[in-house]
Amino acid sequence: MLNLLKPKILMLASPKVIYSLSAFRYKHEIPKHLEKVPKEKDPSFSQMIEYYYHAAAQVMEPMMIKELEKYPYMKKEQREQRVSAMLKLMGSTTNLLEVTFPIIRGDGRYELITGYRAHHTRHRLPLKGGIRYAMDVDADEIRALAYLMAFKTACVNVPFGGSKGGIRIDPKKYTAQELQTITRRYTMELLRRNMIGPGIDVPAPDVNTGEREMSWLVDQYVKTFGYNDVNALAITTGKPVAIGGINGRTAATGRGLFKAAECFLNDKDWMDLLGWKTGWKDKTVIVQGFGNVGSHASLFVVEAGAKLIGVQEIDVSLVNENGIDPKDLMDYYTKNKKSVKGYMKAKEKSGSLLGEKCDILMPCATQKVLTAENAGSVQAKMILEGANGPSTPAADEILRKKNVLIVPDMYCNAGGVTVSYFEYLKNINHVSYGKMHVKREQAMINEIFNSLNSADKGKDKFKPNVDLERIRDCTREADIVDAGLQTVMETAAEGIKQVANEFALCNDLRTAAFIYSILKIFRALEVTGISQQ
Ligand SMILES: NC(=O)C1=CN([C@@H]2O[C@H](COP(=O)(O)OP(=O)(O)OC[C@H]3O[C@@H](n4cnc5c(N)ncnc54)[C@H](O)[C@@H]3O)[C@@H](O)[C@H]2O)C=CC1
Ligand SMILES: O=C(O)CCC(=O)C(=O)O
């Protein structure tokens, strides 16, 4: 099947720019400790992300060496050495902090809590990445997620480095008061070590955290280290709008996933590869994880014409061939203490839905859910990776060979960090979107038509068309954010597609996204040089 893909994709590429896999002798080696990863059933999360990175680095190394021909004084060997050093640097984690601190529970019991924060490459500051609360949080997981963040921010061109944090707790077992104590104490541990700050590293929500936790974090900073900092609100994104958050951040990751998918679904060349008509109409969708990302993604895809036929949650799965209404299920999930169990408008089913018949699968829960063991049974032709790291390398290969189009996490779920960037800008600029210019632009458009009509003396002969009206009336912050997100997702999609073509990667969009991102970090590191301080 894969061979069928090749000629079509190659047709899109200019033969001159294809970096033939056989024309170069690879020097960049997959590190020894990662050699087994592509076949492993359950690789370590960080090793699996490392593996993806190094595999992409191998493909692009010749191009990077060639790029350094811009330095005529460098010998070939020096160029190779420089590239090799950069590749190692980009593949390494700068800081990994583990902190343990005590809290006193509501009933007087003492408990030790462990948290983490990892910084990947510091090619750009501040670093950026969410904070998750879950029982599987450990150093390996947080390192993997920070790694991914570095390439994700580069992929969508937001000027941040990559980081991630987490606390090993099951938040369901703590009261809100206890969670507040834990969040504030964790914030202090990070602040004392200079690990977060508006210009250092800016957290955001992730699994089991949201506006509430971000409010506590901001408040802790404002009242301590940040009391004198005019940019104090920029210590985190994903805050409530009332304290400097941005309209649209909560839904942003799901919205971004939808926009990412559209960039492929509306592209005839890519849809021809799947034998699909373009667009969402009548495409059936199954989502895994109905939290922030999964529920919002479901909402947008259904709004666009797809049918949600299955929802797999941690405790139960729901199916309905006639479609599940995501808004209705979201309301139920929220009222039902974040569970879809007992929802009457769909059938409950035990076990996984990942192998069930559908067109599009959206893994939006957690990492390593598509593995060597279940990838063979996946029937979907398109996978939208809302979660970070849902596919192991073994699964990735099986799926690609089955002609499945995987829109990879680093791009597919980057809507969150993109809108976080807009929020960060709002905070450091101290002005909300549209405040200064939207009314003036609207008036300008109206005046253009007024003057055309009065010059022509015809009564209202000239009118803005629907598209111009839409732009003129796009005045709310949420609309401006949506338009910005659209631009970002489209630009990144174009870049990824171009890399896929140039390197003849067929349907391997993950490697394409890595290459697209690595190249940007490489160029940033390369021009600034490697400091010896
Ligand atoms: N919140 C955000 O803005 C972003 C989140 N992500 C990633 O998306 C994924 C989900 O994050 P959120 O939606 O924010 O978390 P969340 O905590 O809001 O929701 C996660 C949902 O997945 C369910 N779940 C967990 N394990 C499951 C399993 N094995 N099978 C089925 N359901 C399961 C949970 O019960 C919960 O309903 C994570 O991988 C996260 O890192 C990525 C980019 C941004
Ligand atoms: O919004 C952000 O800054 C980070 C979101 C995040 O943690 C992620 O994309 O995985």
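Residues numbered from 1 in each chain as written. Chains lettered and ligands numbered in written order. Predicted model: local features only at pLDDT ≥ 70, side-chain atom pairs only at ≥ 80, totals over all residues.

1. Regarding the site of ligand 2
Quick reminder of the rule: Here, nearness is defined through the C-beta atom: a residue counts as near a molecule or strand if that backbone-placed atom lies within 6 Å of it. For helices the rule is a DSSP run of H or I covering at least 4 residues; for strands it is a run of E covering at least 2, with both sets numbered from the N terminus onward. Here the nonpolar group is Ala, Val, Leu, Ile, Met, Phe, Trp, Tyr, Cys and Pro; Asp, Glu, Lys and Arg are the charged ones; every other residue, Gly included, is treated as polar.
Lining the immediate environment of ligand 2, one finds 13 residues, of which Gly130, Ala204, Gly416, Val417 and Ser420 sit closest. Among the secondary structure elements, those contributing two or more residues to the shell around ligand 2 are helix 4 (139-155) and helix 13 (415-429). Counting residues per element, the shell around ligand 2 draws most heavily on helix 13, at 3 residues. Residue composition of the shell around ligand 2, by class: 3 nonpolar, 7 polar and 3 charged.

2. Some remarks on helix 4
Convention followed: In a helix, the anticipated span is given by 1.5 Å times the number of residues less one. Neighbour counting defines burial: a residue surrounded by 20 or more other C-beta atoms within 10 Å of its own C-beta is buried, one with 12 or fewer is exposed, and intermediate counts give partly exposed, using backbone-placed C-beta atoms.
With 17 residues, helix 4 ought to run about 24 Å at 1.5 Å a step, and its terminal C-alpha atoms sit 24 Å apart, in line with that. Across the 17 residues of helix 4, 15 count as buried, placing the element largely inside the fold. Positive backbone phi, at 60°, marks Asn157, one or two positions downstream of helix 4.

3. Re the sheet that holds strand 13 (residues 405-407)
The condition is simple: For two strands to be treated as a pair, DSSP must find no fewer than two bridges joining them. Interaxial angles span 0 to 180 degrees and are taken between N-to-C directions of axes, which are lines fitted to C-alpha atoms, for helices over the stretch in contact.
Spatial ordering of the open sheet is given by 10-9-8-7-11-12-13, a layout of 7 strands whose pairing is mixed. This sheet does not close on itself; its edge strands, each paired only once, are strand 10 (347-349) and strand 13. Strand-to-strand twist in this sheet, taken as the mean axis angle between neighbours without regard to direction, amounts to 25°. Here strand 7 (residues 284-288) runs beside strand 11 (residues 360-363); their pairing, made up of 4 bridges, is parallel. Following the sheet pairing, Val287 is matched in strand 11 by Met362.

4. Some points on the pairing of strand 5 (residues 161-167)
Burial within strand 5 is extensive, with 7 of its 7 residues counted as buried. As judged from the 5 bridges shared by strand 2 (residues 110-119) and strand 5, these two strands associate in the antiparallel manner. When the sheet's bridge partners are listed, Ala118 is paired in strand 5 with Lys164. As paired strands, strand 3 (residues 127-128) and strand 5 are joined by 2 bridges and run parallel to one another.

5. Digging into the UniProt feature "binding site: substrate" (unreviewed entry) in the protein
Definition in use: UniProt positions are given in the numbering used here, feature names are shortened, and annotations may be inferred rather than shown by experiment. Note on contacts: residues are paired as contacts if their backbone-placed C-beta atoms lie within 7 Å.
Here the UniProt feature "binding site: substrate" (unreviewed entry) sits at Lys128, Lys152 and Ser420. Spanning 293 residues, the annotated positions come together in the fold, the maximum distance between their C-alpha atoms being 12.8 Å. On the basis of neighbour counts, which here come to 27 C-beta atoms within 10 Å, the residue Lys128 falls in the buried class. Not counting the four nearest positions on each side in its chain, Lys128 is found in contact with Met149, Thr153, Phe160, Gly162, Ser163, Val202, Val417 and Ser420. C-beta crowding within 10 Å serves as the criterion here: with 28 such atoms nearby, Ser420 is assigned to the buried category. The residues contacting Ser420, other than those within four sequence positions of it, are Lys128, Ala204, Thr237, Gly238 and Arg249.

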